[in-house]
Amino acid sequence: LETLEFVVSCDEPECMLYCSFDSQNFASCGVNEGGVVWETETQGQHKLTVYAVDAAGNRSPADTEVTWISDFDPPSLSHSDIPESINQNSLSVTLVCSDDYSSCTMQCQLTAFPSGIAESYQCNSGVSTTFEFPSGGSYQLTVIVTDGAQNTGSFDFSILFSADNIPPAISVSGPQQIEASTRAKFQFTCTDDSGSCQNLCRLTQTGTAPGGYEACG
């Protein structure tokens, strides 16, 4: 619900004022320099129309109009992919804020946990912003959007940064180039600083299209 107060007046000391909101029927709204209160639950453009009648019964030659927009809701936010976990120390994200009645602005902040250290970023709607992760751990990206009516919305995204960005090493041992057998046995060894890794394999016959990878230990 929005409550607005208007002060209306005419250029003669004694006159009656008549008001219409959103093209409704005119009704008396007080004497010169009187206050008019109007309430609405409807968003969008509205109009106040006023005319005056003086003590001699003369009506103002033209109606006076005031228009404005009522906007109660905060802007919405859309964005490119924001993964829950990453293994690179930076992430580029495109954020877009939108509002039905006005332009909007954004504020971005990346907070590390459990330290609580926060860094603010300049982020503009529709423009890619690169966020930096100085060390491994949990982070929260907070985006605050504000429209022309100062309605504000806040959006939070949790991101886990693993400082391990080095791929695992793998060694393979198997049969010789020529084998008198229809079966071949291979042994895989995968090593990674994280302590665990998974092998994915595919077997392709020469001259045929390769298939998909499958887990192989």
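Quantities reported herein were computed from a predicted structural model and do not represent experimental measurements. (Residues numbered from 1 in each chain as written. Predicted model: local features only at pLDDT ≥ 70, side-chain atom pairs only at ≥ 80, totals over all residues. Heavy atoms only, no water.)

### As for the packing of aromatic side chains
Going through the model one piece at a time under the given rule, you end up with nine aromatic pairs. Centre to centre, the rings of Phe6 and Phe21 are 6.1 Å apart; their planes meet at 45 degrees, and the pair counts as tilted. Residue Phe6 is found in strand S1 (residues 2–8), and its partner Phe21 is found in strand S2 (residues 15–21); the two are separated by 15 residues along the sequence. Looking at Phe6, the relative accessible area reads 16%, which means it is buried. Judged by centre distance (4.9 Å) and plane angle (90 degrees), the rings of Phe133 and Tyr139 are edge-to-face. Residue class for Phe133 comes out buried when judged on its relative accessible area of 2%. Geometry around Tyr51 places Arg59 over its ring, the cationic atom sitting 3.7 Å from the centre. (Phe/Tyr/Trp six-rings, centres within 6.5 Å; stacked < 30°, edge-to-face > 60°. Helix = DSSP H or I, 4+ residues; strand = E, 2+ residues; numbered from the N terminus. Buried < 20%, exposed > 50% of the residue type's maximum accessible area, 1.4 Å probe, protein only. Lys NZ or Arg CZ within 6 Å of the ring centre and 35° of its normal.)

### A look at the side chain of Asp147
With respect to the helices, strands and loops of the structure, Asp147 is situated in strand S13 (residues 137–147). For the buried Asp147, no salt bridge is present, and the opposite-charge side chain at shortest range is Lys47, 24 Å distant. Only 2.8 Å separates the side chain of Asp147 from the backbone nitrogen of Asn151, close enough to count as a polar contact. Not counting residues within four places of it along the chain, the set of residues in contact with Asp147 comprises Asp71, Asp73, Pro74, Pro75, Asp99, Ser102, Ser103 and Cys104. (Lys, Arg positive; Asp, Glu negative; His and termini not counted. Salt bridge = Lys/Arg side-chain N within 4 Å of Asp/Glu carboxyl O. Polar contact = N/O pair within 3.5 Å; in protein donor to acceptor, adjacent residues only side chain to side chain. Contact = heavy atoms within 4.5 Å.)

Note that all results are geometric; they support no functional claim without further evidence.
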